[in-house]
Amino acid sequence: MGIIFPVVGIFYTSKLFALPNIESLFIGVIFAATSVSISVAVLKSMNALNTKSGVTILGAAVADDILSILLLSVVITFTSGSA
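Quick look at the structure, then. (Residues numbered from 1 in each chain as written. Predicted model: local features only at pLDDT ≥ 70, side-chain atom pairs only at ≥ 80, totals over all residues. Heavy atoms only, no water.)

Within the largest apolar cluster, five residues are counted, these being Ile-3, Val-7, Val-29, Ala-32 and Val-75. With sequence-adjacent residues up to four places away left out, Val-29 is seen in contact with Val-7, Ser-68, Leu-71, Leu-72 and Val-75. (Core = buried A, V, L, I, M, F, W, Y, C linked by side-chain atoms within 4.5 Å. Buried < 20%, exposed > 50% of the residue type's maximum accessible area, 1.4 Å probe, protein only. Contact = heavy atoms within 4.5 Å.)

Next up, the structure:
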């Protein structure tokens, strides 16, 4: 869900600004990437970085980023010749 909501939400928001489908999809995929460094900073300030919850949150954030990068590479591959 951490990838689906940003991609779909930003896609339709971009469509409100009359952007083409390819550009809207690309922007949506870019917004799907999370910032692991912000999660680490917040967990560290709460002294929760080494807890079970902290490790789970970081693991999910890293997995989300990996999936976002894979999705971005797929979008770039299929749209590289459509500009």
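Further remarks concern the packing of helix 1 (residues 4-16) against helix 2 (residues 21-32). One way to put it is that helix 1 packs onto helix 2 with a least axis distance of 7 Å and a crossing angle of 140°. On the basis of the axis angle, helix 1 is oblique to helix 2. In the packing of helix 1 onto helix 2, the handedness of the crossing is right-handed. The residues of helix 2 that touch helix 1, namely those facing Pro-6, Val-7, Ile-10, Phe-11, Ser-14 and Lys-15, are Asn-21, Ser-24, Leu-25, Ile-27, Gly-28, Val-29, Phe-31 and Ala-32. For the contact of helix 1 with helix 2, the residue count by class is nine nonpolar, four polar and one charged. (Axes fitted to C-alpha atoms, helices over the stretch in contact; angles between N-to-C directions. Helix = DSSP H or I, 4+ residues; strand = E, 2+ residues; numbered from the N terminus. Parallel < 35°, antiparallel > 145°, perpendicular 65-115°, else oblique. Left-handed = near helix turned anticlockwise from the far one by under 90°. Nonpolar A, V, L, I, M, F, W, Y, C, P; charged D, E, K, R; others polar.)

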